[in-house]
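Secondary and tertiary structure notes
Here are the chains, one letter per residue:
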Protein chains: 2
Amino acid sequence: MTKPKALVLLSGGQDSTTCLAIALKAFPNQVEAIGFNYGQRHLAELKAAEKIARIAQIPFKVLDLSLLGQITHNALTSKEIKIEQNQGQLPSTFVDGRNMVFLLFAAIYAKNKNIKNIYIGACQTDYSGYPDCRDEFIKSANQTLNLAMDYEFKIITPLMWLTKAEEIKLMQLLGNLAWYQHTLTCYEGINPPCGICPACKLRAKGFQEANISDPLLINSNKF
Amino acid sequence: MTKPKALVLLSGGQDSTTCLAIALKAFPNQVEAIGFNYGQRHLAELKAAEKIARIAQIPFKVLDLSLLGQITHNALTSKEIKIEQNQGQLPSTFVDGRNMVFLLFAAIYAKNKNIKNIYIGACQTDYSGYPDCRDEFIKSANQTLNLAMDYEFKIITPLMWLTKAEEIKLMQLLGNLAWYQHTLTCYEGINPPCGICPACKLRAKGFQEANISDPLLINSNKF
């Protein structure tokens, strides 16, 4: 690989995988990815990210942030909390400050490699109630990181204002739709997916609106 | 202790110890402190912080951030790099993003305890070249953390515009000057201090200007 120019936060989900495809079009052969182990329930997420990085032929680094699971309690890191979404409250899957932790460590890692472009799949369109997915937060975080390290990071959020359907159509256009076969969306962390959790429903709705079949389900009898 | 209201970032140095004294005047019996193990050269720092917390009779939590030492290289975490200060360059003691990492984990920890007030001893007066000590950075970080977690943190920096001499005189006024006896300032991590590193020189200058004897040196024959 030539000198790296962009770092993608890769979780193994659909959004970060789309970001990776977009980054690779902008910086061919100059993309790296980073993932985080923070005590999340499903290490399957990291396995999916590893597989996608292998297919995309890019270096993938996993940082251990298990500390995060020790100082915060929520349904994504604790098996004892039920996944729920109640109106007017933060979803029980919210890990306080998670995207800021990811962006901060990604930025420190990137600066040490002289990388300025950081891709993250944050999206405000299908707003899920996570405050750290909002455009306002991302812009503030970008400014804070630049001030913290006296460095000109560019946090790039190509999905911020896309619908799921638009994202899927874009992925098809980029020629990387097949990558979705290896992504993990389901909160239950299973493949074939449960089909009933909020994440599965949002994914299914996107493919339906895009009028495209989900590569993840083509070989599954579940749907 | 009654319900905690304030969290102090306590490193065992002079500035954070002064912050602790100030926080305790504002919130008597409602202060906790947090420290970080990030692979710094001198665990003596954390020992000093523990001792000061014991004297102040407050809970003290240490978070393990040794990851930071793994992804960044500098003179505070590596014994192979010499401590230097060159004009126009960041000091070799700069750990990229360190104050942001501290503030972020302090904020996550604070929110989980319903604490909104976070004290940090950042100071721009004797500007040392650390970008993440500047007021502009702190204000930006405050806004970013509030957006990240949808919470009203107040990052309080009582030392931001004080000189070292003013800080020392304030500590005397608060009646906690003796706490300085247990603080660790020297980059060499030794007690009695080396007296020649930039940190020792800055400290000595402050006491001289305040016309107050450093409690750390009263029982030492070195000076």
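Residues numbered from 1 in each chain as written. Chains lettered and ligands numbered in written order. Predicted model: local features only at pLDDT ≥ 70, side-chain atom pairs only at ≥ 80, totals over all residues.

Turning our attention to the packing of helix α4 (residues 98-112) of chain B against helix α5 (residues 135-149) of chain B. Residue and element names in this part refer to chain B. Packing of α4 against α5 brings their axes to within 11 Å, and their N-to-C directions diverge by 40°. Taken together, the axis directions place α4 and α5 in an arrangement best described as oblique. Here α4 and α5 pass one another in a crossing that is right-handed. The segment α4 lies against α5, with M100, L103, L104, A107 and K111 engaging A141, L145 and M149. (Axes fitted to C-alpha atoms, helices over the stretch in contact; angles between N-to-C directions. Helix = DSSP H or I, 4+ residues; strand = E, 2+ residues; numbered from the N terminus. Parallel < 35°, antiparallel > 145°, perpendicular 65-115°, else oblique. Left-handed = near helix turned anticlockwise from the far one by under 90°. Contact = placed C-beta atoms within 7 Å.)

Take the nonpolar core next. Among the nonpolar cores identified, the biggest contains 121 residues, and V8(A), L104(A), A106(A), V8(B), L104(B) and A106(B) are the most heavily contacted of them. Excluding residues that lie within four positions of it along the chain, A106(B) makes contacts with L7(B), L9(B), I34(B) and I118(B). (Core = buried A, V, L, I, M, F, W, Y, C linked by C-beta atoms within 7 Å. Buried ≥ 20, exposed ≤ 12 C-beta atoms within 10 Å, placed from the backbone.)

Next up on the list: the sheet that holds strand β4 (residues 117-119) of chain A. Residues and elements named next belong to chain A. The parallel open sheet is built from five strands, whose spatial order is β3-β2-β1-β4-β5. Here the strands that pair on one side only, and so sit at the sheet edges, are β3 (60-64) and β5 (154-156). Averaged over all adjacent pairs, the angle separating strand axes in this sheet is 25°, with direction ignored. Packed onto the sheet, helix α1 (residues 14-26) meets β1 (6-9), β2 (31-37) and β4 and runs at close to 170° relative to β1. (Pairing = 2+ DSSP bridges.)

For the pair chain B and chain A, the relating rotation is 180°, the translation along its axis is 0.0 Å, and the fit reaches an RMSD of 0.0 Å. Within this description, the copies of the chain are treated as partners about a two-fold rotation axis. Interface residue correspondence from chain B to chain A reaches 100%, placing this contact among same-surface, isologous pairings. (Least-squares fit on C-alpha atoms with pLDDT ≥ 70 in both.)

Before going further, it helps to spend a moment on the confidence of the model for chain A. Residue and element names in this part refer to chain A. On average, chain A scores 87 in pLDDT, and the residues at 70 or more come to 83%. Note on residues 74-90: pLDDT is under 50 here. Beyond four places in sequence and across chains, it has 33 contacts. Confidence metrics for the complex model read pTM 0.88 and ipTM 0.87. (pLDDT = per-residue confidence, 0-100.)

A word on the interface of chain B and chain A. The figure often quoted for interface size is the accessible area lost as the parts come together. Taken together, the contact between chain B and chain A spans 28 residues of the former and 28 residues of the latter. Among the elements of the structure, β3 (60-64), α3 (67-71), α4 and α5 of chain B are those that each provide at least two residues to the side of chain B that touches chain A. When grouped by side-chain class, the residues that make up the side of chain B that touches chain A number 15 nonpolar, seven polar and six charged. (Nonpolar A, V, L, I, M, F, W, Y, C, P; charged D, E, K, R; others polar.)

A word on the pairing of β2(A). All names here are of chain A. Counted residue by residue, β2 has six buried out of seven residues, so it is predominantly covered. Two strands pair when backbone bridges link them, and β1 and β2 are joined in this way by four bridges, in the parallel orientation. Among the inter-strand pairings, V8 is bridged to a residue of β2, identified as A33. Between the parallel elements β1 and β2, the chain passes through α1 in a crossover that is right-handed. Summarising the sheet, β2 and β3 pair through five bridges and their orientation is parallel. Along β3, the bridge assignment pairs A33 with F60. (Right-handed = clockwise from strand over helix to strand, strands pointing away.)

Our focus in this paragraph is the sheet that holds β3(B). All names here are of chain B. In spatial order, the strands read β3-β2-β1-β4-β5; together these five strands make up an open sheet with parallel pairing. One side of each edge strand has no neighbouring strand; the edge strands of this open sheet are β3 and β5 (154-156). Between one strand and the next, the sheet's axes are offset by a mean angle of 25°, whatever the strand orientation. By the bridge criterion, three bridges tie strand β4 (residues 117-119) to β5 in an arrangement that is parallel. Residue pairing in the sheet places I118 in a bridge with I155 of β5.

A separate point is the pairing of β1(A). Residue and element names in this part refer to chain A. Because side chains alternate across β1, one face comprises the buried residues A6 and V8, and the other comprises L7 and L9, equally buried. Across three bridges, the pairing between β1 and β4 is parallel. Bridge assignment links A6 to a residue of β4, and that residue is N117.

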